Amino acid sequence: MSIPFLRDDPLAPGVVAEVAPGVRRILCNNPGPFTWRGTNTWLIGQGRVAVLDPGPANAAQLAAILRATEGETITHILVSHTHRDHSPGVAALQAATGARSYGFGPHLTPPDQGGEGGDHGFTPDVTLADGAVVEGDEFRLAAIHTPGHCANHLCFAREDGVVFSADHVMSWSTTVVSPPDGDMAAYMASLSKLASREAHLYLPGHGPPLPNPAPFVAALAAHRLEREAKVLDALRAARRATALELVPPVYGPVLEPRLVPAAARSLLAHLLKLVAEGQAAQEGDWFEPR
């Protein structure tokens, strides 16, 4: 199933744009193959404001946030997850505002165990369990624990059907799921968890706002299941293979070389899910069908 990605995004970095009642977006100028045009910072409420995902340690983004909230008070700093393009900007924003930080917790995978992409310097002032509510004068947000992309990943939902989907559902691309902090079984379960909520607008960590998200989420889930079937077929054909060896038969020969390592990590996530389900066996880096 094809996914109707949204790749028309004219917002310039550092410019503030209102995207829904009580929600403003600022795009950080940190483009890349996995961040696309950059990380979205969301300003929630007016007067007394929550900032969701200040982004990387980026002086221009900090200045844009403070400029956009001039005359207002930042009361909460929310973190969806502890990847380096989302949470390192918290420290400077706290120093400038004195606001408390909120998140699921510190990064859960040590650097020497596969957590090298994490921000290991961040620990929230206030930890948010699944279902916890964060309230301000003009906002009420429910935290939704959605592991898969990152073990401590949170989405946030307003009662009016606006969901801040962070990196679990992005409008421009599929989500990287890289073990061990990333987990494909957890990702699929979290996707179902989000799909069970009524929502009319997703506001992602990267890419433009996503209206009418239900068909998009269904397409994401179908795409992952199709990919998993291809992985299993390729493994059966190879009889024994590593995740990297399965990239060409699963993704085809047109994949950009710079994306091959990420593709192999995604295939590893599928393979580990198949092992957990009893459809494959693992010996070191090698896998074979059962």
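Note that the structure is predicted; figures quoted are calculated from it, not measured. (Residues numbered from 1 in each chain as written. Predicted model: local features only at pLDDT ≥ 70, side-chain atom pairs only at ≥ 80, totals over all residues. Heavy atoms only, no water.)

## Details of the overall build of the protein chain
Argument step 1. Helices and strands together make up the secondary structure of the protein chain, namely six helices and 15 strands.
Argument step 2. For the protein chain, the C-alpha radius of gyration of 19 Å lies close to 19 Å, the compact-globule estimate for 290 residues.
Argument step 3. A principal-axis box enclosing the C-alpha atoms of the protein chain has dimensions of 65 × 40 × 35 Å.
Argument step 4. Within the protein chain, buried positions represent 52% of all 290 residues.
Argument step 5. Long-range pairs, those at least 24 residues apart, make up 61% of the contacts in the protein chain with a sequence separation of at least 6.
Argument step 6. Accessible area of the protein chain: about 12,400 Å², with a carbon and sulfur share of 54%.
Argument step 7. Where the 22 positive side-chain charges of the protein chain centre and where its 30 negative ones centre are 4 Å apart. (Helix = DSSP H or I, 4+ residues; strand = E, 2+ residues; numbered from the N terminus. Rg over C-alpha atoms; globule rule 2.2 N^0.38 Å. Buried < 20%, exposed > 50% of the residue type's maximum accessible area, 1.4 Å probe, protein only. Contact = heavy atoms within 4.5 Å. Areas by Shrake-Rupley, 256 points an atom, 1.4 Å probe, with all protein chains shown as cover. Lys, Arg positive; Asp, Glu negative; His and termini not counted. Charge placed at Lys NZ, Arg CZ, Asp CG, Glu CD.)

## Things to note about unusual backbone geometry
Excluding glycine, most residues fall at negative phi; most peptide bonds, likewise, are trans.
Argument step 1. Residue Pro-179 is joined to Pro-180 through a cis peptide bond whose omega torsion reads 5 degrees.
Argument step 2. Inspection of the secondary structure puts Pro-180 in the loop between strand E11 (162-166) and helix H3 (184-195).
Argument step 3. We note that Arg-239 has phi near 75 degrees; this positive angle belongs to a residue other than glycine.
Argument step 4. Mapped onto the fold, Arg-239 is located in the loop between helix H4 (213-238) and helix H5 (247-251).

## Some points on the sheet that holds strand E12 (residues 201-204)
Argument step 1. One open sheet accounts for six strands, arranged E8-E9-E10-E11-E12-E13; its pairing is mixed. Two strands bound the open sheet, and with one partner strand each, they are strand E8 (133-135) and strand E13 (210-211).
Argument step 2. As paired elements, strand E10 (residues 154-158) and E11 share two bridges and run antiparallel to each other. By the bridge assignment, Phe-156 is partnered in E11 with Phe-164. (Pairing = 2+ DSSP bridges.)

## Considerations on the UniProt feature "domain: Metallo-beta-lactamase" (unreviewed entry) in the protein chain
Argument step 1. Per the UniProt annotation, the sites labelled "domain: Metallo-beta-lactamase" (unreviewed entry) are residues 38-206.
Argument step 2. Overall, residues 38-206 shows 18% helix and 27% strand. The separation of its end C-alpha atoms is 6 Å. (UniProt positions renumbered as here; feature names shortened; annotations may be inferred.)

## Brief notes about the packing of aromatic side chains
Argument step 1. Per the stated rule, a full pass over the model turns up three aromatic pairs.
Argument step 2. Seen from their ring centres, Phe-5 and Phe-216 are 6.0 Å apart, and the 70 degrees between their planes marks the pair as edge-to-face. Of this pair, Phe-5 sits in the segment before strand E1 (16-20) while Phe-216 is found in helix H4, placing the two residues 211 residues apart along the sequence.
Argument step 3. Here Phe-5 falls in the partly exposed class, since its relative accessible area comes to 25%. (Phe/Tyr/Trp six-rings, centres within 6.5 Å; stacked < 30°, edge-to-face > 60°.)

## Some words on the sheet that holds strand E5 (residues 73-78)
Argument step 1. Sheet architecture is open: seven strands sit in the order E1-E2-E3-E4-E5-E6-E7, paired in mixed fashion. If you trace the sheet from one side to the other, it starts and ends with E1 and strand E7 (126-127), each paired once.
Argument step 2. Inspection of the sheet shows E1 paired to strand E2 (residues 23-27) by four bridges, in the antiparallel sense. If you follow Val-16 over to E2, its bridge partner there is Ile-26.
Argument step 3. Sheet strands touched by helix H1 (residues 59-68): E1, E2, strand E3 (40-44), strand E4 (48-52) and E5. Its angle to E2, the strand with the most contacts, is close to 155 degrees.
Argument step 4. Relative to the sheet, helix H2 (residues 90-97) contacts E4, E5 and strand E6 (100-103), its axis offset from that of E5 by approximately 155 degrees. (Axes fitted to C-alpha atoms, helices over the stretch in contact; angles between N-to-C directions.)

## Considering the environment of Ala-264
Argument step 1. Relative to the elements of secondary structure, Ala-264 occurs in helix H6 (residues 260-276).
Argument step 2. Sequence-wise, Ala-264 and Ala-243 are 21 residues apart; in three dimensions their C-alpha atoms are separated by 5.4 Å.
Argument step 3. Here Ala-264 is in contact with Ala-243, Leu-244 and Val-247, once residues within four sequence places are set aside.

## A few points about the pattern of salt bridges
Pairs can form between side chains of opposite charge whenever their charged atoms are close.
Argument step 1. Counting across every chain of the model gives 13 salt bridges.
Argument step 2. A salt bridge links Arg-25 to Asp-9; its shortest N-O distance comes to 2.7 Å. One end of the pair, Arg-25, is in strand E2; the other, Asp-9, is in the segment before E1, with 16 residues separating them in the sequence. Across the pair, exposure class does not vary: Arg-25 and Asp-9 are buried alike.
Argument step 3. Across the pair Arg-140 and Glu-159 runs a salt bridge, and its minimum N-O distance is 2.9 Å. (Salt bridge = Lys/Arg side-chain N within 4 Å of Asp/Glu carboxyl O.)

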